[in-house]
Amino acid sequence: MTQPSIYQQVLDPAHRANPYPLYAELRKTPVTREDDGTYVVSTYKEIFALLHDPRVSSDPRNRPGVSGATAAPDQGQPELPLSFINHDPPDHDRLRELAMRPFGPPCTPGRIDGMRPWLADITTGLIDKFADHSRADIVEDFAYPLPVAAICELLGVPLEDQPRFHQWADALIETLDPATGPFEQRMRRAREVQAELGQYFSHLLDSRARQPGDDLISGLLTDHGPHAPMSRGDILATASLLLVAGHETTVNLITNGMLTLIRHPRVLDRLNHHPGLVITLVEELLRYEPPVQMRTNRTTVADINIGGTTIPKGSPLALMLAAGNRDPGRFADPDSFDPGRTDNAHLGFLGGIHYCFGAPLARTETQVALSELARRLVNPWLVADPPPYRPNPELRGPRHLLVEYDAVVPAKQKAGQAAFRGTAG
Ligand code: HEM
């Protein structure tokens, strides 16, 4: 039997808890070719260059043999157009700009910052419930409900519909895992689930069209700016994209954050006494334990010479963002978690034209979440280290993060009054 390649080992769930030694092996050859024709790129400079290269496409229709991926799903639902994450310029830029208008500066500068008090309230309520027990699952009891509530608030989705969103988002996220089947099959499954989501949002759109609110969907429907309004299909595709993109990624950043803090008790203590540290700390988490470890959705549309290799036109790429983030050619002491690091142009939100649209929201949520957990949990420790992980290599994060603690500081008590003990067990 042939030995699995390093990339195949990365995909193997057995390595999910600590893929970083494998990434170090991968970096020894910046660009490698897999037997199925995928080119795996693992060094910072090469990933960065490809993210800014117009000869690299995010459109699945550019992948040879993937025409079926864009066919209508078999379930009788109307087909949704591709969302802007799956488009190249000029369509990408036009749709992203339209989506940005009700979301952020310059047209709607206060939207995300204005959510801070609301996020703080939700966070307080979730942590208050921890006081009834001496153990919590940071994933189920905290990191999951917070981003889902935030994205529902943003989109104007009623909270009681959240469980349905959970199922759709899980199903879509599974289609990102290269281990669950060939690209074409996964794209087809993704389109089926998106069609179901589209049906849901279609009803919401009708009600917002009759009675617009202060939410993002109403903003898209009532926009009168240049290129506006977005077509109905594009609004549905954008709403589905935001739901999924803003979901498990943020869950994993908050969970990876708490895991890393408990593994670094001095940092947890510093954060507790100096809450301002949270700004650089969250950036360091995006470098050190990025929720999006790799992207496998890109295809070359011309031959590209890079890292001493010619990648032929029509090749699938696996951009190993987490490997680039630990590249000693770019970052000093890359395997150390340094919460005050300032030279930190990490790839956690990618780069180039597809740079994460929701980054301001993800940052705000995680800053609020980790500051409050650090402030209020007294002596948190891990019940299991490493925790159990979900199998997905692309969106990597713990399935559960069981934490025990001595007490929960009341919400109104000042910062710096919770102590720490660190990792046990
Ligand atoms: C910690 C949390 C998050 C991480 C690590 C993250 C990471 C990323 C990455 C790596 C991409 C690039 C994907 C690609 O082009 O292949 C991306 C794109 C995107 N993200 Fe995020 N994301 C996070 C949270 C969010 C949130 C909260 C939202 C929504 C409010 C969001 C919305 C988007 C959208 C719409 C895109 C597509 C951008 C485009 O194609 O121009 N993300 N994100």
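As the structure is a prediction and not an experimental result, all values here were calculated from the model. (Residues numbered from 1 in each chain as written. Predicted model: local features only at pLDDT ≥ 70, side-chain atom pairs only at ≥ 80, totals over all residues. Heavy atoms only, no water.)

K.L.:
Honestly, the overall build of the chain in this entry has me stumped. Any pointers?
P.N.:
For the chain, the helix and strand inventory stands at 16 helices and 12 strands. Against the 2.2 N^0.38 benchmark of 22 Å for 425 residues, the chain shows a C-alpha radius of gyration of 21 Å, consistent with a compact globule. When its C-alpha atoms are laid out on the principal axes, the chain stretches across 60 × 60 × 40 Å. In the chain, buried positions account for 56% of the 425 residues. Once local pairs closer than 6 in sequence are excluded, the contacts in the chain between residues at least 24 apart make up 75%. Computed over 42 positive and 52 negative side-chain charges, the inter-centroid distance for the chain is 2 Å. (Helix = DSSP H or I, 4+ residues; strand = E, 2+ residues; numbered from the N terminus. Rg over C-alpha atoms; globule rule 2.2 N^0.38 Å. Buried < 20%, exposed > 50% of the residue type's maximum accessible area, 1.4 Å probe, protein only. Contact = heavy atoms within 4.5 Å. Lys, Arg positive; Asp, Glu negative; His and termini not counted. Charge placed at Lys NZ, Arg CZ, Asp CG, Glu CD.)

K.L.:
When you look at the site of the ligand in this model, what are you seeing that I'm missing?
P.N.:
For the ligand, the set of nearby residues contains 27 residues, the closest of which are H92, R96, R295, H354 and C356. A distance of 3.4 Å separates a nitrogen atom of the ligand from a polar atom in the backbone of A245. Side-chain polar atom of R295 to an oxygen atom of the ligand: 2.6 Å apart, as the coordinates give it. For the shell around the ligand, the secondary-structure elements that each account for two or more residues are helix 4 (91–100), helix 11 (232–245), helix 12 (248–263), strand 5 (295–300) and helix 16 (359–376). (Near = heavy atom within 4 Å. Polar contact = N/O pair within 3.5 Å; in protein donor to acceptor, adjacent residues only side chain to side chain.)

K.L.:
What exactly am I supposed to notice about the pattern of salt bridges here?
P.N.:
A pair can form between side chains of opposite charge whenever their charged atoms are brought close. Across all of its chains, the model carries 21 salt bridges by this definition. Between R208 and D215 there is a salt bridge whose closest N-O contact spans 3.1 Å. Relative accessible area serves as the criterion here: at 17%, R208 is assigned to the buried category. Classification of D215 as buried rests on a relative accessible area of 8%. Its salt-bridge partner being D385, residue R263 comes within 2.5 Å of it at the nearest N-O pair. One end of the pair, R263, is in helix 12; the other, D385, is in the loop between strand 10 (381–382) and strand 11 (402–404), with 122 residues separating them in the sequence. Among the charged side chains, a network of salt bridges with common partners joins E284, R287 and R341. (Salt bridge = Lys/Arg side-chain N within 4 Å of Asp/Glu carboxyl O.)

K.L.:
Please clarify how helix 11 should be interpreted in this entry.
P.N.:
Counting along an α-helix, one turn takes 3.6 residues, and residues three or four places apart therefore face a common direction. Helix length check: helix 11 (14 residues) gives 20 Å between terminal C-alpha atoms against 20 Å at 1.5 Å per residue, within 8%. A large share of helix 11 lies buried, amounting to 11 of its 14 residues. Every buried residue of helix 11 is listed here: D234, I235, L236, A237, T238, A239, S240, L241, L242, L243 and V244. Packed against the buried residues of helix 11 are helix 4, helix 7 (145–155), helix 8 (162–174), helix 9 (183–210), helix 10 (216–222) and helix 12. (Expected span 1.5 Å × (residues − 1).)

K.L.:
Looking at this structure, how should I read the coordination of the iron atom of the ligand?
P.N.:
Ideal values for angles at a metal depend on the geometry: 109.5 degrees with four tetrahedral donors, 90 or 180 degrees with six octahedral donors. Coordination of the iron atom of the ligand by the protein comes from a single atom, C356 (SG), at 2.3 Å. By the secondary structure assignment, C356 is in the loop between helix 15 (321–325) and helix 16. (Donors = N, O, S within 2.8 Å, 3.2 Å for Na, K, Ca; no water.)

K.L.:
Looking at this structure, how should I read the nonpolar core?
P.N.:
The nonpolar side chains of soluble globular proteins are, as a tendency, buried together. One finds F130, L155, F201, L281 and L373 to be the most contacted residues of the largest nonpolar core, which totals 102 residues. Excluding residues within four positions of it along the chain, L373 makes contact with I127, F130, I138, F142 and M258. (Core = buried A, V, L, I, M, F, W, Y, C linked by side-chain atoms within 4.5 Å.)

K.L.:
Even after reading the chapter, I still don't get the sheet that holds strand 4 (residues 135–137), so can you show me in this structure?
P.N.:
In a beta sheet, neighbouring strands are held together by backbone hydrogen bonds and run either parallel or antiparallel to one another. Read from one edge to the other, the open sheet built from three strands follows the order 4-11-10, with strand pairing classed as antiparallel. One side of each edge strand has no neighbouring strand; the edge strands of this open sheet are strand 4 and strand 10. The sheet contact formed by strand 10 and strand 11 spans two bridges and is antiparallel. Directly across from W381, in strand 11, lies its bridge partner E404. (Pairing = 2+ DSSP bridges.)

K.L.:
Sorry, what's going on with the packing of helix 14 (residues 278–288) against helix 16 here?
P.N.:
Two quantities define a packed helix pair, namely the angle between the axes and the distance from one axis to the other. Interhelical geometry of helix 14 versus helix 16 gives an angle of 110° and a closest axis separation of 10 Å. Comparing their axes, helix 16 and helix 14 come out roughly perpendicular. Note that helix 14 runs across helix 16; the crossing there is right-handed. From helix 14, V278, I279, L281, V282, E283 and L285 reach across to helix 16, where they touch R363, T366, Q367, L370 and S371. Residues that form the contact of helix 14 with helix 16 fall into these classes: six nonpolar, three polar and two charged. (Axes fitted to C-alpha atoms, helices over the stretch in contact; angles between N-to-C directions. Parallel < 35°, antiparallel > 145°, perpendicular 65-115°, else oblique. Left-handed = near helix turned anticlockwise from the far one by under 90°. Nonpolar A, V, L, I, M, F, W, Y, C, P; charged D, E, K, R; others polar.)

K.L.:
Sorry if this is basic, but what is going on with helix 4 here?
P.N.:
Listed in full, the buried residues belonging to helix 4 are H92, L95, R96, L98 and A99. Down the axis of helix 4, the buried side of the element spans an arc of 160°, and every buried residue falls inside it. Next to the buried residues of helix 4 lie helix 10 and helix 11. (Arc of directions from axis to C-beta.)

K.L.:
Explain the confidence of the model for the chain here, please?
P.N.:
Caution applies to low-pLDDT parts of the model: their predicted coordinates are not meant to be read in detail. Taken residue by residue, the chain gives an average pLDDT of 91. The fraction at 70 or more is 94%. For residues 68–77, every residue scores under 50 in pLDDT, and the model assigns this stretch 22 contacts once sequence neighbours within four places are set aside. (pLDDT = per-residue confidence, 0-100.)

K.L.:
Whenever I open this one, the side chain of S42 confuses me. Can you help?
P.N.:
Mapped onto the fold, S42 is located in the loop between strand 2 (39–41) and helix 3 (44–51). Looking at S42, the relative accessible area reads 0%, which means it is buried. Once you skip the residues sitting within four places of it in the chain, S42 turns out to touch L26, R27, T29, P30, I47, M320, A323 and G324.

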